[in-house]
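Residue strings, one per chain:
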Amino acid sequence: MASVDVEMVKCACQDCVCVVQLTKAVSRDGKAYCCDDCADSHKDHAGCEHAGCACHG
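A few points on the structure. Computed from a predicted structure; not experimentally measured.

Definitions and cut-offs
Each chain carries its own residue numbering, running from 1 in the direction its sequence is written. Local features in this predicted model are restricted to residues of pLDDT 70 or higher, and side-chain atom pairs are both shown and tallied only at a pLDDT of 80 or more, whereas totals for entire chains, interfaces and linings draw on every residue. The side-chain figures draw on all heavy atoms in the structure; neither hydrogens nor water molecules are used. Under the DSSP-based scheme used, a helix requires at least four consecutive residues in state H or I and a strand at least two consecutive residues in state E, with every element numbered from the N terminus. Three labels apply to residues, based on accessible area from a 1.4 Å probe with only protein chains included: buried if under 20% of the type maximum, exposed if over 50%, partly exposed otherwise in between. Residues count as neighbours in contact if any of their non-hydrogen atoms are within 4.5 Å of one another. Only the protein chains shown count as cover for residues, with accessible areas throughout obtained via the Shrake-Rupley method and a probe of 1.4 Å. By definition here, a salt bridge exists when the distance from a side-chain nitrogen of Lys or Arg to a carboxyl oxygen of Asp or Glu is within 4 Å.

1. Some details on the overall build of the protein chain
At step 1: Helix and strand counts for the protein chain come out as one helix and four strands.
At step 2: Secondary structure elements of the protein chain, listed N to C terminal, follow the sequence β-β-β-β-α.
At step 3: Classification of the 57 residues of the protein chain by burial places 30% in the buried group.
At step 4: Across the protein chain, the fraction of contacts at a sequence separation of at least 24, relative to all contacts at a separation of at least 6, is 19%.
At step 5: Surface accessibility of the protein chain: about 4300 Å² in total, with carbon and sulfur atoms responsible for 48%.

2. A look at the pattern of salt bridges
At step 1: With the rule as written, the count across this model stands at two salt bridges.
At step 2: Arg28 serves as the salt-bridge partner of Asp36, at 3.5 Å between the closest nitrogen and oxygen.
At step 3: Residue classification places Arg28 among the partly exposed residues on the basis of a relative accessible area of 28%.
At step 4: One salt-bridge network, in which partners are shared between bridges, spans Arg28, Asp36 and Asp40.

Okay, structure coming up:
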């Protein structure tokens with residue numbers, strides 16, 4: 001079976017719909033997030049603020 005290089009992944013935040021490049025993702029506990037707010041479980045109640053995403057933590 002051939003190997004596949006994954007370049008884009010969905011943000012690991014359950015409320016987020018963003019897809020992020022692995023090279024630009026914020027990594028926490030082995031998961032990829034689109035931004036620090038999502039990676040920090042929205043501790044400041046801030047959304048990811050990416051266009052088209054309704055993520056508010």
